[in-house]
Amino acid sequence: MSMQLDADIEFKMSSTKQPKNKSELKHEENPTIEKIESKEQVPSTESDKPLYQIFKEYVDSQNKLCEKAYPQRTKHFSDLPFEVVILILKWVVSEHLDMRSLDNFSAVCKGFYVCGRDQELWKLACAKIWGSNNINNYLPMYSSWRQMYLKRARLNLDGVYISKTTYAREGERSLDNFYKPWHLVEFYRYLRFFPDGTVLFLTSPDEPKIVVGKLKQPSNLSNLTQNFYNQFISNEQSIVKGKWTLALSKVCLVLIKKTQIKNTLTSKVGRKKEKETIQEQEHVYRMEFELTGKMNNQLQWKKYEIDTVNKSSNSVNTAIFDLNKIDFPNFYFSRVKSYSINSDAPLK
């Protein structure tokens, strides 16, 4: 089941057409009468109001968010103050920015709809993406914080961006040189973004259902568990950790991967002695993407280069890749439900 977050849902709901009654059918049959009556009609103020304002006035008049379906002795959710409900929703959204669950909550009733459209929640979500210092400058371009979050270019944080590459590789000839096989090779590139600016990059032949479980970074853990996780990231040679930045629709990544190369030297004088030396290298990945797609679900390659730093010789070699669509196809976003099941910290 798929769901789309619509920034203009309030206006679309308020402008929906009601079933036609008999008088309206008569007007359609007699257009001249309709023109005369249209001059005398007074525009309705209720239909011009946004859906949020209509629901807010109703909730204020009832002085409660919802009503009990059945009588009960214990406290009901409607007995909670508005501030407590907002605090609960901050844990629902959490630091993973699970805004989909917030919209599911808003679809329950009018009172929950008003809570789900609270400006504080959506302002905190915008601050997580673009920073608290920059969002105020862009607010006049949108009608609300929610519309800014949905309309402005942003990264989706509740899943993985996946790019699948397929190519044909020539195999070895058979012993009798009768035929030479061709192999179809498939591999995936994965990008997982976190609200704190961290990004994980992985290249693997494994399918997404096997890989997505590895691309997790728990935030609030003990020092021992966090050190163990960082050690796992460093030992997993294919996973690269780095930082991401977002400027308008341009996404920039800088990732660093450290490797050690062991060299064995054999002395020719006297007895043969083998001496092992360790050479440290550092690979710096620099990537640039363009956010495209209706729901920011695509990342298009713009730049990709790797700097290989040899610390022993203090030399730097730069490799710049030709970004053709065959070898570097676009990344497509895929939501992972398990990423937002647990809440480690509230939205703040």
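Scroll up to find the structure this text is about.
Just so you know, these numbers come straight off a predicted model, no measurement behind them. (Residues numbered from 1 in each chain as written. Predicted model: local features only at pLDDT ≥ 70, side-chain atom pairs only at ≥ 80, totals over all residues. Heavy atoms only, no water.)

(A) Looking closely at the packing of aromatic side chains. Inspection of the entire model under this criterion finds 17 aromatic pairs. For the ring pair phenylalanine 193 and tryptophan 244, a centre distance of 5.9 Å and an interplane angle of 90° mean the geometry is edge-to-face. On the criterion of sequence distance, the pair formed by phenylalanine 193 in strand S2 (residues 182–193) and tryptophan 244 in strand S4 (residues 239–247) is long-range, its members being 51 residues apart. Taking the relative accessible area as the measure of exposure, phenylalanine 193 reaches 0% and is therefore buried. Taken together, the aromatic side chains of Phe289, Trp301, Tyr304, Phe321, Phe328 and Phe331 make up a single cluster linked through ring pairs. Above the face of the tyrosine 58 ring, lysine 110 is positioned so that its terminal group lies 4.2 Å from the ring centre. Over the aromatic face of tyrosine 138 sits the side chain of arginine 152, whose NZ or CZ is 3.9 Å from the ring centroid. (Phe/Tyr/Trp six-rings, centres within 6.5 Å; stacked < 30°, edge-to-face > 60°. Helix = DSSP H or I, 4+ residues; strand = E, 2+ residues; numbered from the N terminus. Buried < 20%, exposed > 50% of the residue type's maximum accessible area, 1.4 Å probe, protein only. Lys NZ or Arg CZ within 6 Å of the ring centre and 35° of its normal.)

(B) Focus on the environment of glutamate 207. For glutamate 207, the location among the structural elements is in the loop between strand S3 (198–204) and helix H12 (208–211). Residue glutamate 207 is classed as partly exposed on the basis of its relative accessible area of 41%. Along the backbone, glutamate 207 and phenylalanine 187 are 20 residues apart, and their C-alpha atoms lie at a distance of 8.2 Å. Setting aside residues no more than four positions away along its own chain, glutamate 207 makes contact with Tyr188 and Tyr190. (Contact = heavy atoms within 4.5 Å.)

(C) Geometry of unusual backbone geometry. Positive phi values are uncommon outside glycine, yet serine 94 reaches one of about 60°. With respect to the helices and strands, the residue serine 94 is situated in the loop between helix H6 (82–93) and helix H7 (99–106). One non-glycine residue with positive phi stands out, namely asparagine 296, at about 55°.

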